Amino acid sequence: MTVRNRGALAAMAAGVAALTVATLVACGSQPADDVGTEEATALASATPSPPAAAAVPSVPVTTGELPADAATVPPVRLVIPQLDVTATVNAVGINERTDEFEVPPSVDQIGWYRYGPGLEADAGSVVIAGHVDSAKQGKGAFFRLRELDQGDTLTATGSDGRARQYRVVAREEYAKTKIPLDRYFARDGKPRLTLITCGGPFDAETRRYRDNIVVTAVPA
Amino acid sequence: MKLSYFRRVAAGGAVAALAFTGVGSFTATPAYAATSKVSVVHGIPDTPVDVYVNGEKTLDNFKPGDVAGPLNLEEGAYDIALTKPGEPVGSAILKVDNAAVPGGANISIAAHLDAAGQPKITPFVNDVSKVDAGKARLIVRHTAAAPEVDVRAGGTPVFEGLTNPNEAKGDVDAGSVQADVVLAGTDTVAIGPADLNLKEGTATIVYAIGSAEGKTLDVVAQTITGLHSAPGGVPSGDGGQAGTGVDTWWYGLTGAGVLLLLGGGVRMASARTGRK
């Protein structure tokens, strides 16, 4: 075998090695597949409204008083035994500048969307979002959210002191540009708890994750 | 609440009141939505009524300050009549024939006093477009026997120069605000103050009703829910520790691997060919 041949062989061996490493890395980085998408979608379908009645049906009458403050029960604590997570839940709204969900800046705390249903609601999606991580603070409360699987349990405790059990039915990953947020922030459909964080490939330049991880749970 | 979020809508400018006969020209009606949601608001003081629609009694002993509905009404023309409770439809105290209800709209029909104190019926088309996340819609309608008014929130005028039978509206930060109604350009309070709880994703419609002269000025409120929007997004991480998929270096490594393989292969091949 010539020297030239040996060089070529070495180059090919190096190439094979590089590709092997690349393949291994790529396989190791694959997120777990979505589970329960159909269940999550079914939960969101609104209860069918009664068909348009006859020309002049009987009519509900209310006293036209100014609306009172609704009695919602905010979640104050979320426990996820599977992930060894116990986190304080803050009531949060919308960031005025970005029009986005105001996730609490402290990564060990998570935020409940105060405009949506509370734990008392018999319909709609209670939304809690938390950081997966932060450049300054490290891992967040929802760092391992994507490890949750169907059947795992969660406990959300309300401001009324009552602990409510939930069972995970779905875990999905969506590109942030494609996520059906209307479904997860719906105020109708079956009562459910929706946990949201970031995931997928990370763009180091924009410091943004491409995707959102969404876990849907129903009262257990 | 930040008052800057009130869009100051001049009275009359944004008014959705439509003449009953002109309703038919309502064009923003999708073909599939043949029914409309119709509510009825009673703003005539001291006058409970029975409400007849197309000759049939629809509301029995409907009281001032009450809101009925919404009814799902098919697109079409309706005869509406108000009688004193128990009296036949023939002796109506107020009636409108052939009131056109367009398809696919949300309408409030107010029985109220005009500026001079005469009972009348005014239909309003309700703005049920979505509000942005975090916002609520406030609609104020002047349906009282009273002069031009300003509506104030936290003491600052937000809707000015509102006259009967017109409306003013704006999308504001959701939450509680103390509101009152004053005679236009003055600090003379005509109605209120009252705490307005503007729930996110809803429209709160406040009707000023009654008569200034009769000292029966009051408000009636109607709420429309389900106008909420989802937040623009859920940004929840900038650390990168949880990144899945592959980084830029991966593409470099893969590229290098392919090049090395190809290069080596070509050299091998050319070496063999050369030996032949």
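Residues numbered from 1 in each chain as written. Chains lettered and ligands numbered in written order. Predicted model: local features only at pLDDT ≥ 70, side-chain atom pairs only at ≥ 80, totals over all residues. Heavy atoms only, no water.

Visitor: How would you sum up the overall build of chain B? Please name residues and give values.
Guide: When its secondary structure is counted, chain B shows 1 helix and 16 strands. Evaluated residue by residue, chain B yields a buried proportion of 48% over its 276 residues. By element, 54% of the accessible surface of chain B is carried by carbon and sulfur atoms, the whole surface being about 12,100 Å². (Helix = DSSP H or I, 4+ residues; strand = E, 2+ residues; numbered from the N terminus. Buried < 20%, exposed > 50% of the residue type's maximum accessible area, 1.4 Å probe, protein only. Areas by Shrake-Rupley, 256 points an atom, 1.4 Å probe, with all protein chains shown as cover.)

Visitor: Run through the overall build of chain A, naming residues and quoting values.
Guide: In terms of helices and strands, chain A carries 3 helices and 11 strands. Reading chain A from its N end, one meets helices and strands in the order α-α-β-β-β-β-β-β-β-β-β-α-β-β. Taking all 220 residues of chain A together, the buried fraction comes to 47%. Taking as baseline every contact in chain A between residues at least 6 positions apart, the subset at least 24 positions apart corresponds to 61%. Within the structure as shown, chain A displays about 10,900 Å² of accessible surface, and the carbon and sulfur contribution to it stands at 53%. (Contact = heavy atoms within 4.5 Å.)

Visitor: Provide a residue-level description of the environment of B:Thr143, including the pertinent values.
Guide: Residue and element names in this part refer to chain B. Its place among the elements puts Thr143 in the loop between strand S9 (135–142) and strand S10 (149–153). Residues Thr143 and Gly43 lie 100 residues apart in sequence; the distance between their C-alpha atoms is 7.3 Å. In this structure Thr143 touches Ala110, His112, Leu113, Phe124, Asn164, Tyr207, Ala208, Ile209 and Gly210, once residues within four positions along its chain are discounted.

Visitor: An account of the interface of chain A and chain B is requested, with residue identities and associated values reported.
Guide: Taken together, the 69 residues of chain A in the interface contact 68 residues of chain B. Roughly 5,700 Å² of surface becomes buried between chain A and chain B when both sides are summed, with 62% attributable to carbon and sulfur atoms. At the boundary of chain A and chain B, one finds 1 salt bridge. In this structure, the salt-bridge partner of A:Arg187 is B:Glu200, at a minimum N-O distance of 2.6 Å. For the pair chain A and chain B, the interface holds 22 residue pairs in polar contact (both at pLDDT 80 or more). Counting residues per element, the ones that place at least two in the side of chain A that touches chain B are helix H1 (3–29), strand S1 (61–63), strand S5 (125–130), strand S6 (133–134), strand S7 (138–139), helix H3 (181–184), strand S10 (192–203) and strand S11 (208–219) of chain A. Among the elements that take part in the side of chain A that touches chain B, H1(A) stands out by supplying 17 residues, more than any other. A breakdown of the residues in the side of chain A that touches chain B according to their chemical character gives 41 nonpolar, 14 polar and 14 charged. Note: S1(A) against strand S4 (residues 66–74) of chain B, 3 bridges, orientation antiparallel. Bridge pairing links A:Val61 to B:Ala68 in S4(B). (Buried area = accessible area lost by both parts, 1.4 Å probe. Salt bridge = Lys/Arg side-chain N within 4 Å of Asp/Glu carboxyl O. Polar contact = N/O pair within 3.5 Å; in protein donor to acceptor, adjacent residues only side chain to side chain. Nonpolar A, V, L, I, M, F, W, Y, C, P; charged D, E, K, R; others polar. Pairing = 2+ DSSP bridges.)

Visitor: Can you lay out the packing of aromatic side chains for me, pointing to particular residues and giving the numbers?
Guide: All names here are of chain A. On inspection of all chains with the given rule, the structure shows 7 aromatic pairs over all chains. Considering the side-chain rings of Tyr113 and Phe185, the 5.0 Å spacing of their centres and the 85° angle between planes classify their relative orientation as edge-to-face. One end of the pair, Tyr113, is in strand S4 (residues 109–113); the other, Phe185, is in the loop between H3 and S10, and 72 residues separate them in sequence. When its relative accessible area of 2% is taken as the criterion, Tyr113 is described as buried. Each residue in the set Phe101, Tyr113, Tyr115 and Phe185 is aromatic and connected to the rest through ring pairs, giving one cluster. (Phe/Tyr/Trp six-rings, centres within 6.5 Å; stacked < 30°, edge-to-face > 60°.)

Visitor: Provide a residue-level description of the side chain of B:Asp171, including the pertinent values.
Guide: Residue and element names in this part refer to chain B. Note on placement: Asp171 falls in strand S12 (residues 167–173). Looking at Asp171, the relative accessible area reads 18%, which means it is buried. A distance of 2.8 Å separates the side chain of Asp171 from the side chain of Arg137, its partner in a polar contact.

Visitor: If you had to explain helix H2 (residues 37–44) of chain A to someone new, which residues and values would you point to?
Guide: The complete set of buried residues in H2(A) reads A:Ala40, A:Leu43 and A:Ala44. Projected onto a plane normal to the axis of H2(A), the buried residues spread over an arc of 100° and lie on a single side. (Arc of directions from axis to C-beta.)

Visitor: Please set out the nonpolar core residue by residue, giving values where relevant.
Guide: Judged by nonpolar contacts, the single largest core of 26 residues is most densely connected at B:Val51, B:Leu59, B:Phe62, B:Ile80, B:Leu82 and B:Ile121. Elements supplying a minimum of two residues to this core: strand S1 (35–42), strand S2 (49–53), strand S3 (56–62), S4, strand S5 (76–83), strand S6 (94–101) and strand S7 (106–113) of chain B. A:Ala87, A:Phe142, A:Leu145 and A:Val168 belong to the second largest nonpolar core, which has 24 residues in total. (Core = buried A, V, L, I, M, F, W, Y, C linked by side-chain atoms within 4.5 Å.)

Visitor: Can you explain the confidence of the model for chain B? Please cite residues and give values.
Guide: It should be kept in mind that the predicted coordinates are not to be read in detail where pLDDT is low. Confidence along chain B averages 85 in pLDDT terms, with 84% of residues attaining 70 or more. Across residues 1–31 of chain B the pLDDT falls below 50, and counting only partners more than four positions away or on other chains, this stretch makes 67 contacts in the model. (pLDDT = per-residue confidence, 0-100.)

Visitor: Pulling in residues and values, what's your account of the side chain of B:Ser229?
Guide: If you trace the backbone, B:Ser229 turns up in the loop between strand S16 (218–224) and helix H1 (248–275). From its side chain, B:Ser229 meets the backbone oxygen of B:Val131 in a polar contact 2.6 Å long. Not counting the four nearest positions on each side in its chain, B:Ser229 is found in contact with A:Tyr113, B:Lys130, B:Val131, B:Asp132 and B:Ala133.

Visitor: Which residues make up the sheet that holds S12(B), and what values do they have?
Guide: Residues and elements named next belong to chain B. Spatial ordering of the open sheet is given by S12-S9-S15-S16, a layout of 4 strands whose pairing is mixed. What marks the edges here is a single partner per strand, and that holds for S12 and S16. Adjacent strand axes in the sheet meet at a mean angle of 20°, parallel and antiparallel pairs treated alike. Two elements, S9 and strand S15 (residues 203–209), share 6 bridges in a ladder whose sense is parallel. Within the sheet, the bridge partner assigned to Val140 lies in S15 and is Val206. (Axes fitted to C-alpha atoms, helices over the stretch in contact; angles between N-to-C directions.)

Visitor: Can you explain the pairing of strand S8 (residues 153–158) of chain A? Please cite residues and give values.
Guide: Residue and element names in this part refer to chain A. Most of S8 sits out of view: 5 of its 6 residues are buried. Here strand S2 (residues 75–80) pairs with S8 via 4 bridges, running antiparallel. Across the sheet, the residue bridging to Val79 is Thr155, located in S8. Where S8 and strand S9 (residues 163–175) come together, 5 bridges link them in antiparallel fashion.

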